[in-house]
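Breakdown of the fold
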Amino acid sequence: MDQDRKTGRQLLEERGQFGNDVVAVEVGAGTAKEIFDLHTPLPVGATEVRAIRQNDPKALPIIRHSTAHVMADAVQKLFPGTKVAFGPATESGFFYDYDRPGGTFSDSDLEAIEQKMLEIIEKDSPFVREPKSREDLIAMLEKMGEPYKLEHVQRLEGELTIYRHGDWIDLCEGPHVPSTRFLKAFKLTHTAGAYWRGDERNPMLQRIYGTAFASPKDLKAHLKALEEAKARDHRKLGKELELLAFHPWAPASPFFTAKGARIYNALCDYIRELYDLHGYEEVITPQIFDKELFETSGHLPAYYENMFLAATKEALEKASKELVEKPPADAHQCEHTLTEHLRFGVKPMNCPSHCLLYGMKRRSYRDLPMRMADFGRLHRYERSGVVQGLTRVRTFAQDDAHIFCTPEQIEQEIGDFIDLVYRVYRDFAFADPKIFIATRPDQRIGDDAIWDASEKALIDGVSAKGLPFEIAEGEGAFYGPKVEFHLKDALGRSWQLGTIQADFNLPERFDLTYVAADNSQHRPVMLHRAVLGSVERFFGVLIEHVGGNFPAWLAPEQLAIVTVASDYDAYAHEAAKELRKQGFRVTVDDSHERLGSKIRDARLRRVPYIGVVGAKEAEGRGLQIRSRDENADIGFLSLDEFTTRLRGEHRPPSLRG
RNA sequence: GCCAUCUUAGCUCAGUCGGUAGAGCAGCGGUUUCGUAAACCGCAGGUCACCGGUUCAAGUCCGGUAGAUGGCUCCA
């Protein structure tokens, strides 16, 4: 039967479309496209066949996955006894997981592996696909002594295949490049630990990451882009520009310097202005609550390990006394006694306190939708290995708000919120975010009927805006599903910033009601939403996005006046004073340095405007202005002219004019 | 939390084979008054992250702790 089926190569040759740069073929049309090796017999009746050539973006995952095979080959040749697990292509390269008995891989190992890989590639061995019966495959893997592959086979169904290049074999469904000669540019980048099957209860394997491209030129460009991204890293820039700092005594908790705080507050003030326009009202709520609150909200059971409990002397005394009187049987019981007496918890999120505030008064349908905003500080005990710069911290604030509304109002509110999100992201010149709808997780509160309604509400709300989205199965919060808005940082990592979540659970738990027009009582729906997400995280992503060059409306220093010589200091201070009266943030550098040195300093601080002051400027009551963004001297401007210019940029784009 | 790596002056980094601590920038004091990315001279600045061990001797070797970094897992 197979004799009737042609391979991709045969088909392309017949059509005169074959060439030395063909990597694989893509079969089918529309959403039903599938990629095959050149030498694999294609499905019967395959007519829509397209060659994937070396430089096609679709060739990249094939090249990378094939390189991963060669790496595993090299590793097993160099380190006998090493077992292989999985080795897929990723968004920016590939990895392969290994179990190396009693060892890990060092940087010098990586070099040796790269050398061995080059040797393997030079042999120009073809990648050969061989279908195998399950029994044969299991026998083969047992003989090879590959326990991870063996375990994997047990879970697979249908036709199984192996791929062979040279004398190395891997259980794999392909596709692969025709031969190792197509692997022209690769680099092993780093090692890491990774759990087998991504489960932390499983043993940890050694993962080696690498990247590969169609040509050395592409690889070089990629490595260069990585270098450039590193230069924009918010941790590096945050330190250099003196925006933020960390101290070991407050792990994962940023300090914002005067400059950093200026930007931080500008971000919050900007959101506050939009709140006025979008019908939100800001509230301030407590930091520390009786645990009753978190038991009612469901946080304590669901969120215990991430919460800071607040110990007091009184609580410790009571707990100690009980422990002495009734010694615990085991550590678990001891912990129970201790936490029993710790009466207070630090809030990890604002929603429970907003429920309290809502419930303190009779609410009418006329009050809805009620949009309650809060920049309250939150504390979450993140595990030590997960914290990172500003993007994952233990203390932060969100531009948080909760919308209490009727079920009928949900769609409208989601629509309004999406408008707000896009307005904000445009003000920061971000590309459009990627939208995910995260559905019910395994650990959750509330009935499935409620989850059905919540998920539908979100999908309807986003669909009504005509925006594309993807479903993130099981990624929702424990109290409700989420719409997530993701943006990418300079290193290409995707971060969730904005979110809106439908919650029918908390209003139930807090027994929140409103009185309808007919005097009957109803349960409001609660929408949790944030545009920036965490202000800290947004700040971090923003630093990288602008590379430290904050637009004038955010810049902590908008104009640096530098004097040519000390004779002009007096005028410089006068001009600064006048401009500060306009609300501008102006500094004067009257140090006894040379002009070039002062200019350099101001440029390194990424100040949007530098105003040089000498005899001409003092005489003409103006400034010789250099613009950071135009990277040029834009000439003499009178103080009035400069005021007009800066006033235009002094406000967020969508709030100008 | 797990695997790996790192931690030397305010910052960026040297420090050889284990032999007792260095530079540049920043800071401070002088000199210089200068027109668009670094003037010159001098001074000061260190419990080499912390705790312990090996050694005649530890920044250097070993163990532990903390923090950070790259991943994994997690992420309301």
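Before going into details, it helps to say that this report is about the structure given with it. Model, not experiment: these values are computed from the prediction.

Glancing now at the sheet that holds strand S29 (residues 609-613). Spatial strand order, S28-S27-S29-S30-S31: five strands in an open sheet with mixed pairing. Each edge of the open sheet is held by one strand with a lone partner, namely strand S28 (586-589) and strand S31 (632-638). Averaged over all pairs of adjacent strands, the angle between strand axes in this sheet comes to 25°, irrespective of strand direction. Here helix H18 (residues 569-581) sits on the sheet in contact with strand S27 (559-563), S28, S29 and strand S30 (622-627), set at roughly 175° to S28.

Should the sulfur atoms of two cysteines be covalently bonded, the bond is a disulfide. The tally for this structure, following the rule as stated, stands at zero disulfides. Sulfur of Cys-351: no disulfide; nearest cysteine sulfur belongs to Cys-355 and is 6.8 Å away.

Strand order in this open sheet of three strands is S2-S1-S3, and the pairing throughout is antiparallel. Taken across any chain shown, the strands that pair with only one partner, and hence form the sheet edges, are strand S2 (34-36) and strand S3 (49-53). Between one strand axis and the next, the sheet turns through 35° on average, direction left out of account. Where strand S1 (residues 22-27) and S3 come together, five bridges link them in antiparallel fashion. Opposite Ala-24, over in S3, you have Ile-52 as the bridge partner.

To continue, consider the protein's contact with RNA strand B. Of all residues adjacent to RNA strand B, which total 55 residues, the nearest are Tyr-195, Tyr-303, His-592, Arg-603 and Gln-624. By atom count, sugar and phosphate contribute 46% of the portion of RNA strand B lying within 4 Å of the protein. Lys-239 places a polar side-chain atom, nitrogen or oxygen, 3.2 Å from a phosphate oxygen of RNA strand B. Arg-626 is positioned with one of its side-chain polar atoms (N or O) 2.9 Å from a base oxygen of RNA strand B. Secondary structure elements with two or more residues in the surface near RNA strand B: strand S9 (185-195), strand S10 (204-213), helix H7 (234-240), helix H19 (595-604), helix H20 (615-620) and S30. Ranked by the residues each element gives to the surface near RNA strand B, the list is headed by H19, at seven residues.

One pass over the structure, following the stated rule, counts 24 aromatic pairs. Taking the centre distance of 5.6 Å and the plane angle of 90° together, the rings of Tyr-270 and Phe-428 count as edge-to-face. Of this pair, Tyr-270 sits in helix H8 (residues 258-278) while Phe-428 sits in the loop between helix H14 (410-427) and strand S20 (434-438), and the two are 158 residues apart along the sequence. For the residue pair Tyr-270 and Phe-428, the accessibility class agrees, reading buried in each case. Where Phe-430 meets Phe-538, the ring centres are 5.8 Å apart and the plane angle is 75°; that geometry is what we call edge-to-face. With Phe-430 in the loop between H14 and S20 and Phe-538 in helix H17 (residues 535-546), the pair connects residues that are 108 residues apart, well separated along the chain. For the residue pair Phe-430 and Phe-538, the accessibility class agrees, reading buried in each case. By the ring-pair criterion, three or more aromatic residues cluster together here, those being Tyr-270, Tyr-425, Phe-428, Phe-430, Phe-538 and Trp-553. The side chain of Arg-64 reaches across the aromatic face of Phe-213, ending 4.7 Å from its centre. In this structure, Arg-207 packs its charged tip against the face of Phe-95, placed 3.6 Å from the ring centre.

Further remarks concern the pattern of salt bridges. One pass over the structure, following the stated rule, counts 45 salt bridges. Residue Asp-199 is joined to Arg-201 by a salt bridge in which the shortest nitrogen-to-oxygen separation is 2.6 Å. Accessibility expressed as a relative area gives 22% for Asp-199, which makes it partly exposed. With a relative accessible area of 73%, Arg-201 lands in the exposed category. The network of salt bridges with shared partners includes Arg-440, Arg-444, Asp-448, Asp-452 and Glu-455.

Summed over the entire model, instances satisfying the criterion amount to two cavities of 30 Å³ or more. Volume-wise, the largest cavity comes out at about 110 Å³. Lining of the largest cavity is provided by Leu-241, Leu-243, Lys-259, Gly-548, Phe-550, Ala-555, Pro-556, Glu-557, Arg-605, Arg-606, Val-607 and Arg-628. Class assignment of the residues belonging to the lining of the largest cavity gives a composition of six nonpolar, one polar and five charged. If you add up the space inside the second largest cavity, you get close to 30 Å³.

This paragraph deals with unusual backbone geometry. Leaving glycine aside, a negative phi is the common case for residues, and trans is the common case for peptide bonds. Backbone torsion omega between Gly-174 and Pro-175 reads 0°, so that peptide bond is classified as cis. You can see Pro-175 is positioned in the loop between strand S8 (168-171) and S9. Omega for the bond connecting Leu-368 with Pro-369 falls within 30 degrees of zero, at -5°, which places this linkage in the cis form. Among the secondary structure elements, Pro-369 is positioned in the loop between helix H13 (351-359) and strand S17 (370-374). The phi dihedral of Glu-242 falls on the positive side, at around 55°, and the residue is not glycine. Here Glu-242 shows up in the loop between H7 and strand S11 (244-245). You can call Glu-242 exposed: its relative accessible area is 53%. Even without glycine at this site, Arg-606 takes up a positive phi of about 60°. Note that Arg-606 resides in the loop between H19 and S29. Since its relative accessible area comes to 22%, Arg-606 is described here as partly exposed.

The rules behind these values
Residues numbered from 1 in each chain as written. Chains lettered and ligands numbered in written order. Predicted model: local features only at pLDDT ≥ 70, side-chain atom pairs only at ≥ 80, totals over all residues. Heavy atoms only, no water. Pairing = 2+ DSSP bridges. Helix = DSSP H or I, 4+ residues; strand = E, 2+ residues; numbered from the N terminus. Axes fitted to C-alpha atoms, helices over the stretch in contact; angles between N-to-C directions. Contact = heavy atoms within 4.5 Å. Disulfide = S-S within 2.5 Å. Near = heavy atom within 4 Å. Polar contact = N/O pair within 3.5 Å; in protein donor to acceptor, adjacent residues only side chain to side chain. Phe/Tyr/Trp six-rings, centres within 6.5 Å; stacked < 30°, edge-to-face > 60°. Buried < 20%, exposed > 50% of the residue type's maximum accessible area, 1.4 Å probe, protein only. Lys NZ or Arg CZ within 6 Å of the ring centre and 35° of its normal. Salt bridge = Lys/Arg side-chain N within 4 Å of Asp/Glu carboxyl O. 1 Å grid on protein atoms, 1.4 Å probe; cavity = no way out; pocket = protein on both sides within 12 Å on 5 of 7 lines; lining within 4 Å. Points joined across faces, edges and corners; volume = space filled by probe spheres on them. Nonpolar A, V, L, I, M, F, W, Y, C, P; charged D, E, K, R; others polar.

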